[in-house]
Amino acid sequence: MSKPKVGIFGLTSCAGDQLVILNCEDQLMELANAVDIRDWEMAKSQNDEECPLDIALVEGSVAQVRDIETVKKIRERSKILVALGTCAVWGGIPAMKNDVPREVMLEEVYGNDVRFIESKAAQPLSSFVKVDFNLPGCPIEKEEFLQMMASFLHGDIPEILNFSVCSECKMKENVCQIVYKNQVCCGPLTRAGCGARCPSHNVPCTGCHGPIEEVHYDSHIKMFQLKGIKPEEIVHKMQVYAAPAWMPEKLMEEMQHEGE
Amino acid sequence: MKVSKLPKANVNKFLESLQDFGEVIIPKEKQEQPGVYMFDTMTDPSEVAWEYLRTIIPPKKYLTKPKEVIFKFDSQRGFEEVIEDAEQKRVLFGLHPCDIHGIKILDVVFTHQYTDPYYTRRRNNTVIIGLSCIPDEKCFCKSMHTDYTEDGFDLALSDIGDGYLVAIGTSLGDDLVAERADLFTEVEETDRRKYLDFRKKRNQSFKLDLDIDDLPYILDLEQHSPIWDELGKRCLTCGSCSMVCPTCYCFNVYDELNLDARSGRRIKQWDACLFKDYALVAGGHNFREDRAERVKNRYYHKQFRMVEQYGKPSCVGCGRCINACPAGIDVVEVLTKVREGSYAETESS
Ligand code: SF4
Ligand code: SF4
Ligand code: SF4
């Protein structure tokens, strides 16, 4: 079997997920041998920008107008398209302030006479193209990335953990941030995979992997309210990494409802 | 049962001497949070938290590991069995009666019909030394009839002030004492009296009570109680209650592949019936799609089906799930309300 042709791309992003790939130092040669990396602007100077691809790994959110065309073009040339990292999967940090109009933000950051960015409200890839597999994480976890690639190479659909950070946190035997410290911990809502890195360092989970498949707004709101935590605080925290997914309006609505 | 006495002055020497047998696991206080405990390897006997109550994770973590490799495979070379810690001898020191009962239940589950070689191998290399305790407001082992145990340990220590009465439960336990005879003394009449006083004090210290008479019958009648839906609305399905339970033994099995796409490892990892994918089968059907069904299942498995299958419930009253649930769901409160038929959403914290 010939090696699968792979392209690795970044839309609007910090390149952190691509960096994780480069940081797979012990496996990088093996990976480079197992696949044929045809197009990777960040790591290669000779790239084939037109060839059909078996797997496209796309990092970043669609936050500039030109990103829409870029991701559509990648989709057209690829058999499998992977959303790599929380920006690509959920909108990520660039989507945190989607409720503020872009013009207002642009002016605040760059002043009123700079006009070079065609910025738009940040959205995940799935708003524009069909995504075959989502690998969230800010950045992605090296082990999860390698497992995903190994599954593709084996001809399988990769599996992703479908439970929350709490179980990894319990397995690490951490002191629970909600139970003992009354903190807004996003652990129960957030997809596992990080090994509960933040609570293991005595910091509440910030939800960087985005939500699990089944998010229970009702029980979370009730729980935090019983702990005397204000709804705004919860929304604020949840909005950081996956604002479009958390649906803040719905969240607010539920909270008002529960508070009655 | 043979009983000996270990004066407190000799207890550190005794603990150190156990290292000749293997790794000694003791309860320790978490540095970052006083009053929270975990089982961990002893480096010095001074680390033992003698007055501890319920570690975050029960000692099951040494017998059925949170995540372990069960074999390695290679499509060209076949497979190689792996039993992690197969040769590691261990002393689990300081287990309270609830946790010993927890292991007794796991023993049945992992050896009853099919023998789990991973569990059994580690279990056979494990010495269990019990320790007496004074319950707090979340302990309800007395209600579950797990507040004392006559077996399931090699040695069991009861605090009688100046020393410990040491019950000898197995011939291995007898050897452990005989080999260290100089550390032990004869039990005297005053020691016996002190033990009876201790027992009385302990029995009177229980604050939490759960009536389990005919509970399986009541549960069978209350299959459609509104309580299960109400609980479903409160549960986050985070799985914390299962992870911390000494008798929750479910696991998932999956493969981790290497990049050569022909070799890898088969993994066994803790699972929980609260998780969405737990009862998902090939073809996409989910037997417990609904969150309320999953929460309910945890109660029915422990208090109903285990009684049917093994004659005893599989809750040992340790209170860990009460402590660990971020949503404040309390097993005693739930089962009491089912019995009273009085469930209405309560604002417990
Ligand atoms: S600290 Fe956070 S992630 Fe860990 S168990 Fe508690 S709520 Fe879950
Ligand atoms: S159900 Fe709760 S109280 Fe009962 S044994 Fe499990 S963790 Fe302990
Ligand atoms: S710990 Fe509480 S919230 Fe989490 S799954 Fe168990 S009952 Fe539900």
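What counts as what
Residues numbered from 1 in each chain as written. Chains lettered and ligands numbered in written order. Predicted model: local features only at pLDDT ≥ 70, side-chain atom pairs only at ≥ 80, totals over all residues. Heavy atoms only, no water. Helix = DSSP H or I, 4+ residues; strand = E, 2+ residues; numbered from the N terminus. Buried < 20%, exposed > 50% of the residue type's maximum accessible area, 1.4 Å probe, protein only. Contact = heavy atoms within 4.5 Å. Areas by Shrake-Rupley, 256 points an atom, 1.4 Å probe, with all protein chains shown as cover. Lys, Arg positive; Asp, Glu negative; His and termini not counted. Charge placed at Lys NZ, Arg CZ, Asp CG, Glu CD. Domains from an automatic or database assignment. Buried area = accessible area lost by both parts, 1.4 Å probe. Salt bridge = Lys/Arg side-chain N within 4 Å of Asp/Glu carboxyl O. Polar contact = N/O pair within 3.5 Å; in protein donor to acceptor, adjacent residues only side chain to side chain. Near = heavy atom within 4 Å. Nonpolar A, V, L, I, M, F, W, Y, C, P; charged D, E, K, R; others polar. Pairing = 2+ DSSP bridges. Axes fitted to C-alpha atoms, helices over the stretch in contact; angles between N-to-C directions.

**Q** Tell me about the overall build of chain A, and name the residues and values.
**A** What chain A contains, in helices and strands, is eleven helices and seven strands. Seen along its three principal axes, the alpha-carbon backbone of chain A occupies a region of about 60 × 50 × 25 Å. Here chain A holds 260 residues, and 53% of them are scored as buried. Across chain A, the fraction of contacts at a sequence separation of at least 24, relative to all contacts at a separation of at least 6, is 73%. When the accessible surface of chain A is summed, it comes to about 12200 Å², and 52% of that surface belongs to carbon and sulfur atoms. The distance from the centre of the 26 positive side-chain charges to the centre of the 39 negative ones in chain A is 2 Å.

**Q** Help me get a handle on the domain arrangement of chain B, residues and values and all.
**A** Residue and element names in this part refer to chain B. Looking at the assigned domains, one finds that chain B contains domain 1 (2-64 + 87-204) and domain 2 (215-249 + 274-341). On a C-alpha basis, the centres of domain 1 and domain 2 stand 29 Å from each other. At the junction of the two partners, domain 1 supplies 23 residues and domain 2 supplies 23 residues. Here domain 1 and domain 2 share an interface that buries about 2000 Å² over both sides, 65% of which is from carbon and sulfur atoms. Between domain 1 and domain 2 we count one salt bridge in total. Of the charged contacts, one joins Arg 320 and Asp 99 as a salt bridge, the two residues approaching to 2.8 Å between their closest N and O atoms. On the surface where domain 1 and domain 2 come into contact, there are eleven residue pairs in polar contact (both at pLDDT 80 or more). Sorting the residues of the side of domain 1 that touches domain 2 by element identifies α2 (97-111) and α4 (141-144) as the ones contributing at least two each. No other element matches α2, which puts nine residues into the side of domain 1 that touches domain 2.

**Q** Report on the site of ligand 2, specifying residues and quantitative values.
**A** Residues and elements named next belong to chain B. Around ligand 2, a shell composed of Phe 140, Cys 245, Pro 246, Arg 298, Lys 302, Cys 315, Val 316, Gly 317, Cys 318, Gly 319, Arg 320 and Cys 321 is seen. Broken down by secondary-structure element, the contributors of at least two residues to the shell around ligand 2 are α10 (291-310) and α11 (320-324). Considering only residue class, the shell around ligand 2 consists of seven nonpolar, two polar and three charged.

**Q** Any chance you could break down the sheet that holds strand β5 (residues 78-81) of chain B for me, citing the residues and the numbers?
**A** The strands making up a sheet associate through backbone hydrogen bonding, with each pair oriented either parallel or antiparallel. Taken in spatial order, the four strands line up as β5-β4-β11-β10 (chain B) in an open sheet, and their pairing is antiparallel. Edge positions in the sheet fall to β5 and β10 (251-257) of chain B, since each has one partner strand and no second. Neighbour-to-neighbour, the strand axes of the sheet open up by a mean angle of 25 degrees, direction not taken into account. When strand β4 (residues 67-74) of chain B meets β5(B), the two strands line up antiparallel, connected through four bridges. For Lys72(B), the partnering residue across the bridge sits in β5(B) and is Glu80(B). Helix α6 (residues 142-154) of chain A rests against β10 and β11 (263-270) of chain B of the sheet, and its axis sits at about 75 degrees to β10(B).

**Q** Which residues make up the interface of chain B and chain A, and what values go with them?
**A** The interface is formed by 45 residues belonging to chain B together with 38 residues belonging to chain A. With both sides pooled, the region where chain B packs onto chain A buries about 3500 Å², and carbon together with sulfur makes up 60% of that total. Of all residues in chain B, the largest losses of buried area upon contact with chain A belong to Leu236(B), Leu257(B) and Leu259(B), amounting jointly to 22% of the total for that side. Applying the counting criterion to the chain B and chain A interface returns four salt bridges. We note a salt bridge from Lys61(B) to Glu173(A), for which the minimum N-O separation is 2.7 Å. Between chain B and chain A we count 13 residue pairs in polar contact (both at pLDDT 80 or more) in total. For the side of chain B that touches chain A, the secondary-structure elements that each account for two or more residues are β3 (37-41), α8 (227-234), α9 (240-243), β10, β11, α10 and α11 of chain B.

**Q** I'd love a proper account of unusual backbone geometry, names of residues and values included.
**A** A negative phi angle is the norm for most residues apart from glycine, just as the trans form is the norm for most peptide bonds. Look at the link from Cys138(A) to Pro139(A): it is a cis peptide, with omega at -5 degrees. Relative to the elements of secondary structure, Pro139(A) occurs in the loop between β7 (133-135) and α6. Although it is not a glycine, Thr237(B) adopts a positive phi angle of roughly 50 degrees. Classification of Thr237(B) by relative accessible area gives buried; the value is 4%.

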